[in-house]
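Survey of secondary and tertiary structure
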Amino acid sequence: MATANAQLESRSRAVGGRAQSRERLLSVSIAGLFAVFVLSLSVGATGISLASLPDAAWFKLFGGDEVTAERNALVLFELRLPRTLLAAFVGASLAVSGALMQGLFRNPLADPGLVGVSSGAALAAITTIAFGNEFAKPWMDAFGVYGLPFAAFIGGLVTTLTLVAVAGRHGRLMMGTLLLAGIALGALAGALSGLIAYASDDRELRDLTLWSMGSLTGASWPKVFAILPFAALMIFAIPFLIRGLNGFLLGEAEAFHMGINVERTKWIIVLTTAACVGAAVAVAGVIGFVGIVIPHIVRLVAGPDHSIVLPASAILGAGLVLIADIFARVVVAPSELPIGIILAAIGAPVFLHLVLRRGVGGME
Amino acid sequence: MLRRPTSKLRKRAIVVSLALSVMGLPALADGPTTRTIPRNSAGVDTSRIVAIGGDVTEIIYKLGAGKNIVAVDATSQFPPDALKTKQNVGYMRALSSEGVLSTRPSLIIASDGAGPPEVTRALKSAAIPYVTVDGKDTADGLRLKVNQIAAALGLTPLGKKLVSEIDTKLSKLDERRKTISKTKSVLFILAARDGRAIVGGNETSADAIIELAGARNAVSNLTGFKPLTDEALIGASPDAIIVMKRGDGSKSHEDALALPGVKLTPAGKTKQIFVMDGVYLIGFGPRMPDAANDLMTKLYSRDATDANGQGVN
Amino acid sequence: MLEARDVSVRIGGCEILSNASLQLSPGQICVVIGPNGAGKSTLFKVMSGELKPTRGEVFLDGKPLSGMAPIRLSIRRAVVPQASHLSFPFTVKEVVLLGATVPGLTGATLRQEALAEEAIGNVGLEDFAERLYVNLSGGERQRVHLARALCQLAAGARYRDGPAMLLLDEPTSSLDVMHQIQILQHVKTKANAGYNVLVVLHDLNLAASFADQLVVMANGRIVTAGSVTDVFTSGTLSQVYDCTIKTNQTPKFETPFVLPHPTIEASASSADLPYVATAAV
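Residues numbered from 1 in each chain as written. Chains lettered and ligands numbered in written order. Predicted model: local features only at pLDDT ≥ 70, side-chain atom pairs only at ≥ 80, totals over all residues.

1. Remarks on the overall build of chain A
Quick reminder of the rule: Starting at the N terminus, helices and strands are each numbered in turn, a helix being any DSSP run of H or I of at least four residues and a strand any DSSP run of E of at least two. For a compact globule the rule gives 2.2 Å times the number of residues to the power 0.38, and the radius of gyration it is set against comes from C-alpha atoms. Working definition of burial: number of other C-beta atoms within 10 Å of the residue's own, with buried at 20 or more, exposed at 12 or fewer, and partly exposed in between, all C-beta atoms being placed from the backbone. Contact between two residues is assigned whenever their backbone-derived C-beta positions fall within 7 Å.
A tally of helices and strands in chain A yields 15 helices and two strands. Here the C-alpha radius of gyration of chain A, 22 Å, is about what a compact globule of 364 residues would show, namely 21 Å. Dimensions along the principal axes, computed over C-alpha positions, put chain A at roughly 75 × 50 × 35 Å. A buried classification covers 55% of the 364 residues belonging to chain A. When contacts within chain A are restricted to residue pairs at least 6 apart in sequence, those whose partners lie at least 24 apart make up 76%.

Here it is as structure tokens:
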């Protein structure tokens, strides 16, 4: 009895401190993101640090004949900067997409891949990997090194649109149908992927495995510019989605009663998520974990209000992927690890620690 | 050297830097040279080589330039010295641009399978000579690879010598092959785990080496490396089975024998199951003729002894 | 003024609501009663705008509800659902605050918080404000949702061009008798302040005590509607609920009430029943 009371008290204290937790979470995570961003620019296999930045910038702007400056400029501006930006955009997109899906399905365990993006993108990627020299050759010739990312994006989008067409009736999106059709379509895409994998040789299989573990190793400016509009779209959409998602937490009917245009909000969420996850998967392969864990961590610390969950997820998601990518680049340099491995290795203990210390936030 | 007008457009800056990178190549060649640095005929510094691809590394070592290698990829298993003493830039299909650059290479020699494409593109755009080696898993492909690498290293005469050595061995192999009266069918098992065999079908390096060794592939109806069912294994009825040695060395022989179908095949009945090193046998490096010869010996020595009363060397 | 004109709802070939017409009046509590499956909830959903009728239309101040933006509707009416499940760890205050923030009616957070606190006070949950919603009992949760609805209407007050409407679907089903009275009493003060109130109730005595207008439903139809004294009769109720129901009146206020009459074995006499009230017939 006494312990029950004490538990209750400590829980209400924890909850009462939410307003402060929110402010602290936001300021700490923004500062952290900035620090990690700078760190990401300053470390790497070559050992070039930010001290070389002025030289490199000079070379970049005015040219020169100094070999070191040229190399520094290449590493800083063509490798690390796009890679850092890409990691941040991918992390933010995935984390916010996860939060959106969890809010939409009212399920804290919903995954950003729920609307079929990942499976569709994977099928398209696997197709270009396995048939790049056969029937997919014209496509690969047309898009060159961006053939795979572009195909993955299109594959993800087509899958989601198919799903939406199946689950939409008279302009209404049936969430149950969407969920089940998503599972069915995912299984179908998985079967096709498996069939193609079966027909692949070992090198193609190795490529597939690596792709499915995610990596930012191919980061380049075109990729940054490719994901930028989608990440920007998502950041721009956040303020307009907060109210709707908070309403959805109580249920679709309740959201409508509280003045939310339910159907429009659902469409926006599904399509934004599809575009963002599609773009993220296209440029970095399958990166799991971020979409589920980051929104969860935010909720554990600052509560489930989307006015904090969405922006904090964006910042923390970007930060986590950046940290993981720094490890991926440095740990086994000059080689590198797939980022998925690092993300799970860093994220899982942190997550477990939070869950054990704070409980699951009354989720049971 | 070049004084470019200031441009605030970053895109133009990128273009400029790319242009400079390209121009950097001849600039480097024309620049003041230090005599001790080894160079190829184009004047490219070959003192710090990054070798990507097992066959590439093996050929560079064979040409005597192994000491100039600073880094290799994870598939460069032979000579064992390579992965032990050189830096490792990871699996050849998952390279990191900065990782490769961090080894400060003066020359990158990479198999055409190196990737991912964005990384090889970034590396090619850096002011470091990048040589792509392409050659199929055939005798001609091997000659091509040796010639390309020798040229990149400025060692064309040595390359010619190596090619002629290879040719000599190959013609000996041809001679031997003509003495084979009855061609055996061979099943190549890449891996056998949990009772499932991954075998080499048509258009694989395994198929090529089996042919060179004077045998025929028992599963030429398959294409690529594929899993094989027990029944299909029995149906293929190979006269001999070759199993690849696993990373940990030991158990591959037993794994293959444990496959339910194996005992029922002619190979299982006559115990014609051989374990061989994968890199050696299907690496298609300079040791390829030896590997083919070894395989041929394994496959036909007992026959020769049985039939003619004398072994084939 | 909210008015349903001849609305019907057909789902999967089965008409679950037929030709219902209903009009809410300012300052009045309209109570809907009827047996299970009578179509009460369907009528409720149609009135709230959540369900679009297959035939007929609901009008707000003469304009069809279906063409109205949800946000404009939310300024006028709030809904207390029968049950709402929440899978995320919100506190009571945060849930109530949603009533003001989700429609985005008042910008300043402080004002929203003041409204939320006031609404929490109205339902007697002051001590629970910082507790997690998921840890509450069923009755406490119902009160939280009432507070949320009240908060929504309070926040929308400055934008309204007509009386507010409060729609409650069985708001007392999980409450003890004290809280039943407390909640409905509060709803009544809101009605007295000019709110239109629509309540679906299961408890006939509560319905009789608080209704200004009583609507009796059965088999998807409105059987009868009117004042409590006109409608709440033994005959009507017995017919609608398909069992013997006798009404009576409390001595002082003359509010009609009913008591359950279990089917009695022949051997037992009605004198054995512990209810004194039945003897007063």
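2. Some words on the interface of chain A and chain C
Using the following cut-off: Here the term charged refers only to Asp, Glu, Lys and Arg, the term nonpolar to Ala, Val, Leu, Ile, Met, Phe, Trp, Tyr, Cys and Pro, and the term polar to all other amino acids, Gly among them.
At the interface, 28 residues of chain A touch 29 residues of chain C. Looking at the side of chain A that touches chain C, the elements with two or more residues in it are helix 1 (2-16), helix 10 (221-248) and helix 11 (252-257) of chain A. In terms of residue class, the side of chain A that touches chain C is built from ten nonpolar, twelve polar and six charged.

3. A word on the sheet that holds strand 6 (residues 77-80) of chain C
Residues and elements named next belong to chain C. Rule in force here: Pairing between strands is defined by DSSP: at least two bridges between the two strands are required. Structural elements are reduced to axes, namely lines fitted to C-alpha atoms, with helices fitted over the stretch in contact, and the angle between N-to-C directions of any two is expressed from 0 to 180 degrees.
Here six strands make up an open sheet; going across it, the order is 6-7-8-3-9-10 and the pairing mixed. If you trace the sheet from one side to the other, it starts and ends with strand 6 and strand 10 (221-226), each paired once. The sheet shows a mean angle of 15 degrees between the axes of neighbouring strands, taken without regard to direction. As judged from the five bridges shared by strand 9 (residues 213-218) and strand 10, these two strands associate in the antiparallel manner. Paired with Leu214 across the bridge in strand 10 is Gly226. Its contacts with the sheet place helix 5 (residues 138-156) against strand 6 and strand 7 (165-169), and it is angled at close to 175 degrees to strand 6. Each of strand 3 (29-33), strand 7 and strand 8 (196-200) is contacted by helix 6 (residues 177-192), which is oriented at about 150 degrees to strand 8, the strand it contacts most.

4. A closer look at the sheet that holds strand 2 (residues 69-72) of chain B
Residue and element names in this part refer to chain B. Pairing is parallel in the open sheet, where five strands are placed in the order 3-2-1-4-5. The sheet terminates laterally at strand 3 (87-88) and strand 5 (130-133), the two strands that pair on one side only. With two bridges connecting them, strand 2 and strand 3 associate as parallel partners. Counterpart to Ala71 in the pairing with strand 3 is Gln87. Sitting on the sheet, helix 6 (residues 139-153) is in contact with strand 4 (107-111) and strand 5, with an inclination near 170 degrees to strand 5.

5. Concerning the nonpolar core
Counted only if it meets this: By definition, a nonpolar core groups buried Ala, Val, Leu, Ile, Met, Phe, Trp, Tyr and Cys residues that connect through C-beta atoms lying within 7 Å of each other.
Counting residues in each nonpolar core, the largest one holds 284 residues, and the members touching the most others are Val90(A), Ala280(A), Ile109(B), Ile189(B), Ile209(B), Val31(C) and Leu166(C). The greatest single-element share of this core, amounting to 20 residues, is contributed by helix 4 (residues 67-104) of chain A. Once residues within four sequence positions are removed from consideration, Ile209(B) is found in contact with Leu281(B), Ile282(B), Ala291(B), Ala292(B) and Leu295(B).

6. Digging into the interface of chain A and chain B
Opposite the 34 residues of chain A that make contact, chain B presents 37 residues. Looking at the side of chain A that touches chain B, the elements with two or more residues in it are helix 3 (53-62), helix 4 and helix 9 (202-213) of chain A. For the side of chain A that touches chain B, the element with the highest residue contribution is helix 4 of chain A, accounting for seven residues. Grouping the constituent residues of the side of chain A that touches chain B by class yields twelve nonpolar, ten polar and twelve charged.

7. Some thoughts on the pairing of strand 12 (residues 256-259) of chain C
The pairing of strand 11 (residues 246-249) of chain C with strand 12 of chain C spans four bridges and is classified as antiparallel. Bridged to Thr247(C) within strand 12 of chain C is Val258(C).

8. Observations regarding unusual backbone geometry
Following Ala333(A), the chain continues to Pro334(A) via a peptide bond in cis, the omega torsion being 5 degrees. Take Pro334(A): it is sitting in the loop between helix 14 (306-330) and helix 15 (339-358). Backbone torsion omega between Gly115(B) and Pro116(B) reads -5 degrees, so that peptide bond is classified as cis. As for its position among the elements, Pro116(B) is in the loop between strand 4 and helix 5 (117-125). Despite not being glycine, Asp61(C) has its phi angle at roughly 50 degrees, a positive value. Tracing the backbone shows Asp61(C) in the loop between strand 4 (55-60) and strand 5 (63-64). For Glu170(C), which is not glycine, the phi dihedral falls at a positive 45 degrees. You can see Glu170(C) is positioned in the loop between strand 7 and helix 6.

9. Some details on the confidence of the model for chain A
Residues and elements named next belong to chain A. Where we set the bar: pLDDT gives the predictor's per-residue confidence on a scale running from 0 to 100.
Summing up the model confidence of chain A, the mean pLDDT is 86 and the portion of residues at 70 or higher is 93%. Summarising per-element confidence for chain A, the mean pLDDT is lowest in helix 1 (45) and highest in helix 14 (94). Confidence drops under a pLDDT of 50 for residues 1-16, and excluding neighbours within four residues, the segment shows eight contacts in the predicted structure.

10. Re the environment of Gly200(B)
Residues and elements named next belong to chain B. In this structure, Gly200 sits in strand 7 (residues 196-200). We classify Gly200 as buried; it has 30 C-beta atoms within 10 Å. A sequence separation of 98 residues divides Gly200 from Lys298, and the C-alpha atoms of the two residues are 18 Å apart. If sequence neighbours within four positions are ignored, Gly200 has contacts with Phe188, Leu190, Ala206, Asp207 and Phe225.

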